[in-house]
Amino acid sequence: MPWLDNETQAKTPQRLPVVLTVSEVKSLLNRLDGTLWLIASLLYADGCRLRTKGYAKPLRGGCSFDGPKSKYNLTPSREGLFHDELRSYLKMDALSGANFKLNYQSHLKHLKLKCLQPKTIEAYSRAIRRIGEFFDHQIDSLSEQQLVDYFTDLVASHSWSSVKLDLYGLKFCYAHVLRKPWVAPGLIKPPKTQRLPDIVTIAQAQRIFAATRVLSYRVFFFTLYSLGLRLGEGLRLQVGDIDAARWRVLIRDAKGNRDRFVPLPQATHTLLQSFWQVHRNPVLLFPNRHGGLKGTATATTPLDRGGVQTTMHKVVEACVLKKRARHTACATAMRPT
């Protein structure tokens with residue numbers, strides 16, 4: 001029966017889209033962070049089916065609700081947000097990001113050409129990345145007020161050492177990359193402090209050595225303590241630096257790019273000899289452990305700096321050593337005159 005087929009033919013359903021309210025959007029965005037938050041914000045603002053009227057144009061300075069800091073302000077507004085305007089802002093961001101990458105690569109080249117230490121290069125490059133993220137990769141024409149705002153926030157969340165490194169890194173970029181004068185001379189004046197170093201006693205050092213289970217770390221900690229070396233100086237030690245005939249050790253590329261000799265205790269020499277018999281690397285005294293025991297003989301890089309620091313922190317916490325001793329009250333009596 002053809003007429004029955006026409007009567008019973010199913011109709012294509014037409015369902016209404018699910019439109020989120022402003023409060024629901026805010027609740028959803030508050031659960032996201034970073035790139036996911038930005039993507040979700042752009043999808044909601046630039047969606048063809050989701051209504052975008054009532055939301056402000058992209059403005060710098062953060063959002064009005066409790067959520068991750070962003071340059072897009074999604075507070076209600078009468079103006080509205082149009083697709084062409086959003087695309088133009090995204091194109092501007094892409095251009096500023098490409099320009100920032102070029103300046104950043106030039107910054108790295110200048111740092112290497114000035115023969116700065118690797119830690120200084122790392123700190124100055126990290127400063128530029130952090131400042132670029134704060135100012136949306138537009139750091140070539142910062143005003144004094146912008147610098148005041150940035151360093152005020154940085155002081156509240158980081159140490160004065162980080163503040164100085166960011167200041168010196170940005171000054172270096174302005175002087176050698178951007179070729180522009182510094183706009184805020186005398187902006188920061190860090191406090192002058194002279195702190196005594198934390199020196200562990202012999203008993204505390206023995207506890208640290210005994211609590212270190214990994215052989216390479218235990219020998220490394222003992223070598224640093226007995227020779228009085230910095231972390232980087234110990235990692236750069238080579239087999240040829242041990243002068244057993246004169247009982248001394250050559251420390252290469254120390255602070256200020258200076259070499260020096262330090263005395264070699266007999267106990268340290270005996271321990272290093274036994275440790276070298278384990279890995280037998282012809283060059284490095286403390287080769288990395290990525291390839292296991294067999295890989296240490298052919299390793300070309302020393303122990304990982306981060307791994308050494310993490311292990312030291314864990315061992316110190318396990319030994320329950322206080323970083324600084326409490327001040328003891330004392331009284332002095334003077335003879336009457």
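Each value, and the rule that gives it
Residues numbered from 1 in each chain as written. Predicted model: local features only at pLDDT ≥ 70, side-chain atom pairs only at ≥ 80, totals over all residues. Heavy atoms only, no water. Helix = DSSP H or I, 4+ residues; strand = E, 2+ residues; numbered from the N terminus. Buried < 20%, exposed > 50% of the residue type's maximum accessible area, 1.4 Å probe, protein only. Contact = heavy atoms within 4.5 Å. Areas by Shrake-Rupley, 256 points an atom, 1.4 Å probe, with all protein chains shown as cover. Pairing = 2+ DSSP bridges. Core = buried A, V, L, I, M, F, W, Y, C linked by side-chain atoms within 4.5 Å.

A. Structural view of the overall build of the protein. Scanning the protein from terminus to terminus reveals 13 helices and 3 strands. Across the 337 residues of the protein, 33% fall into the buried class. Considering only contacts in the protein between residues 6 or more positions apart, those separated by 24 or more positions represent 53%. Of the roughly 23600 Å² that the protein leaves accessible, carbon and sulfur atoms contribute 56%.

B. Structural view of the sheet that holds strand β1 (residues 242-243). Taken in spatial order, the 3 strands of this open sheet run β1-β2-β3, and their pairing is antiparallel. The open sheet terminates on both sides in strands that have one partner only, identified here as β1 and β3 (260-263). When β1 meets strand β2 (residues 248-251), the two strands line up antiparallel, connected through 2 bridges. Bridge assignment links I242 to a residue of β2, and that residue is V249.

C. Molecular detail of the nonpolar core. Formed by 28 residues in total, the largest nonpolar core has its most connected members in F220, V249, F286 and V308. Where this core is concerned, the elements lending two or more residues are α8 (202-211), α9 (215-227), α10 (231-235), β2, α11 (266-279) and α13 (305-319). Setting aside chain neighbours within four positions, we find V308 in contact with Y217, F220, F221, L231, L235 and L303. Of all hydrophobic cores here, the second largest spans 21 residues; its members include I131, Y174, V177 and W182.

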